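Chain by chain, the residues:
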Amino acid sequence: MGVVTTMDPQGELGKGGHALIGADLGARGKHYVCGSFAAFTNIIVTFPIQKVLFRQQLHGVRMSEAVRQLQRDGLGRLYRGLVPPLLQKSTTVAIMFGLYEDFSRLLLRQARSSGTPEIITRSAAAALAGTAEAALTPFERVQTLLQDHRHNGRFNNTAHTFRTLLREYGVRECYRGLVPILLRNGPSNILFFGLRGPIKQRLPDARTRAGHMANDFVCGGLLGAALGIMFYPLNVVKSRAQAQVGGEFVPCRQVLMTVWRERGGSIVLLFRGATLNYHRSLLSWGIINATYELLLKVF
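Residues numbered from 1 in each chain as written. Predicted model: local features only at pLDDT ≥ 70, side-chain atom pairs only at ≥ 80, totals over all residues. Heavy atoms only, no water.

**Student:** Got a minute to help me understand the nonpolar core in this structure?
**Tutor:** Most often, soluble globular proteins keep nonpolar side chains buried together rather than apart. Phe97, Tyr100, Leu165, Phe192, Phe193, Ile288 and Tyr292 are the most contacted members of the largest nonpolar core, which totals 36 residues. Among the elements that make up this core, the one with the highest residue count is helix H5 (residues 83-114) (6 residues). Formed by 11 residues, the second largest nonpolar core is a distinct cluster that contains Val61, Val236, Val259 and Ala274. (Core = buried A, V, L, I, M, F, W, Y, C linked by side-chain atoms within 4.5 Å. Buried < 20%, exposed > 50% of the residue type's maximum accessible area, 1.4 Å probe, protein only. Helix = DSSP H or I, 4+ residues; strand = E, 2+ residues; numbered from the N terminus.)

Shown next, in the form of structure tokens:
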């Protein structure tokens, strides 16, 4: 499992390590900036699809019923809950790409002396970046509450939801659903960064900017869609756990078993919404990966 990145830490290290220490901070920071802009673009385009998907994950309903729920809520509420994912995704994708590059530089530097295989250091860098992303769980928490129509009368907007949770329940309540997020982020980052290069290498050679963008879109989209299906049950558990306000913190496994029993022990019902999630992830990660790579070239 190899990785193709836009920067070559090993090449820098091969010059005696001086390039690592004296690397330009602006060059490093561009990975954060490009990741953030890529995620921002994606959220604006795909938010309505995500909202339909959330209703399917939470209630186990068909896509048509989820769409009818949104229609009953009205057009004015279609983008209700947009700010948390906009802030959360823009920041987490920036962290995902930026910290992956930074951790890779740091760990590859250590690996030179220890003889650790590059695949191990790259995987560790991806896992660390994914774990760091989990610090922004409160944004996913608030997004869940604002998208759940059962809380329409209680929470007005992002700021009001944060204030209510902190005032009435404390900081811990903002991190409800942290465990499934941690279980999802680390492994999915390892697979994304580990397979991104090999998949792109197997696509037809691109000779134009449009061709490169198409390859980056296909590469990111295929990976995002596959990982979305693979970790879908964890997202179901996360949505169910975060829809609760107050009360006991139920273990991840117990939440999964509760959903499993409610849906008659059916794998099909447990994965209800996975088809839409597949197509949303295909579009989302295609946009993110293509926009990220394009912006890197621009910067």
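There's more to say after this.
**Student:** How do you make sense of the packing of aromatic side chains when you look at a structure like this?
**Tutor:** Each aromatic ring pair is described using two quantities: the centre-to-centre distance and the angle formed by the ring planes. Inspection of every chain in the model, using the stated rule, returns 9 aromatic pairs. Seen in terms of ring centroids, Phe97 and Tyr292 are 3.9 Å apart; in terms of plane orientation they differ by 20°. Their pairing is stacked. In this pair, Phe97 sits in helix H5 while Tyr292 sits in helix H15 (residues 274-298), placing the two residues 195 residues apart along the sequence. By the burial criterion, Phe97 is buried, and Tyr292 matches it. Between the aromatic rings of Phe139 and Phe162, the centroid separation amounts to 5.8 Å while the plane-to-plane angle is 85°, which identifies the pairing as edge-to-face. Of this pair, Phe139 sits in helix H7 (residues 137-147) while Phe162 sits in helix H8 (residues 158-168); the two residues are 23 residues apart in sequence, bridging distant segments of the chain. Assessed through its relative accessible area of 19%, Phe139 is described here as buried. (Phe/Tyr/Trp six-rings, centres within 6.5 Å; stacked < 30°, edge-to-face > 60°.)

**Student:** Explain the pattern of salt bridges to me, please; I cannot follow it from the model alone.
**Tutor:** Pairing is possible between side chains of opposite charge, provided their charged atoms come close. Applying the stated criterion across every chain yields a total of 14 salt bridges. Linking Arg72 and Glu65 is a salt bridge whose minimum nitrogen-to-oxygen distance equals 3.0 Å. Arg196 is the salt-bridge partner of Glu293, the closest N and O atoms lying 2.9 Å from each other. Placement of Glu293 in helix H15 and of Arg196 in helix H10 (residues 178-201) is noted, with a sequence separation of 97 residues between them. A relative accessible area of 9% means that Glu293 is categorised as buried. One salt-bridge network, held together by shared partners, links Glu65, Arg68 and Arg72. (Salt bridge = Lys/Arg side-chain N within 4 Å of Asp/Glu carboxyl O.)

**Student:** What should I look at first to understand a nonpolar patch on the surface in this one?
**Tutor:** On the surface, Phe217, Val218, Leu222, Ile229 and Tyr278 cluster together into a nonpolar patch covering about 360 Å² of accessible area. Here the element with the most residues in the nonpolar patch is helix H11 (residues 209-230); it accounts for 4 residues. Assignment of secondary structure puts Val218 in helix H11. Accessibility expressed as a relative area gives 34% for Val218, which makes it partly exposed. (Patch = residues over 30% accessible without salt bridge, like charges linked within 9 Å, V, L, I, M, F, W, Y side chains within 5 Å. Areas by Shrake-Rupley, 256 points an atom, 1.4 Å probe, with all protein chains shown as cover.)

**Student:** I keep staring at H10 and nothing clicks. Help me out?
**Tutor:** An α-helix turns once every 3.6 residues. As a result, residues three or four positions apart point the same way. Spanning 24 residues, H10 covers 35 Å between terminal C-alpha atoms, matching the ideal 34 Å at 1.5 Å per step. When the local axis directions of H10 are compared, the greatest deviation, roughly 35°, occurs at Leu195, which is followed within four positions by the proline Pro198. (Expected span 1.5 Å × (residues − 1). Bend = angle between axes of the 7 residues up to and from the residue.)

**Student:** Any chance you could explain the state of the cysteines here in plain terms?
**Tutor:** Covalently bonding the sulfur atom of one cysteine to the sulfur atom of another cysteine gives a disulfide. This structure, assessed with the given rule, holds 0 disulfides. Here Cys174 is not cross-linked by a disulfide; its sulfur's nearest cysteine counterpart is in Cys252, at 19 Å. (Disulfide = S-S within 2.5 Å.)

**Student:** Teacher, can you tell me more about the packing of helix H12 (residues 232-242) against helix H13 (residues 252-262) here?
**Tutor:** If you want to describe how two helices pack, look at the angle between their axes and the distance between the axes. Running from amino to carboxyl end, H12 crosses H13 at an angle of 95°, the nearest separation of the two axes being 9 Å. Of the possible angle classes, the one that applies to H12 and H13 is roughly perpendicular. In contact with Leu234, Val236, Val237, Arg240 and Ala241 of H12, H13 contributes Cys252, Val255, Leu256, Thr258, Val259 and Glu262. Of the residues contributing to the contact of H12 with H13, the split by class is 8 nonpolar, 1 polar and 2 charged. (Axes fitted to C-alpha atoms, helices over the stretch in contact; angles between N-to-C directions. Parallel < 35°, antiparallel > 145°, perpendicular 65-115°, else oblique. Contact = heavy atoms within 4.5 Å. Nonpolar A, V, L, I, M, F, W, Y, C, P; charged D, E, K, R; others polar.)

**Student:** Teacher, can you tell me more about the side chain of Arg184 here?
**Tutor:** Its place among the elements puts Arg184 in helix H10. For Arg184, a relative accessible area of 15% gives the class buried. There is a polar contact of 2.9 Å between the side chain of Arg184 and the side chain of Glu140. Not counting chain neighbours up to four residues away, the residues in contact with Arg184 comprise Glu140, Phe231, Leu234, Asn235 and Lys238. (Polar contact = N/O pair within 3.5 Å; in protein donor to acceptor, adjacent residues only side chain to side chain.)

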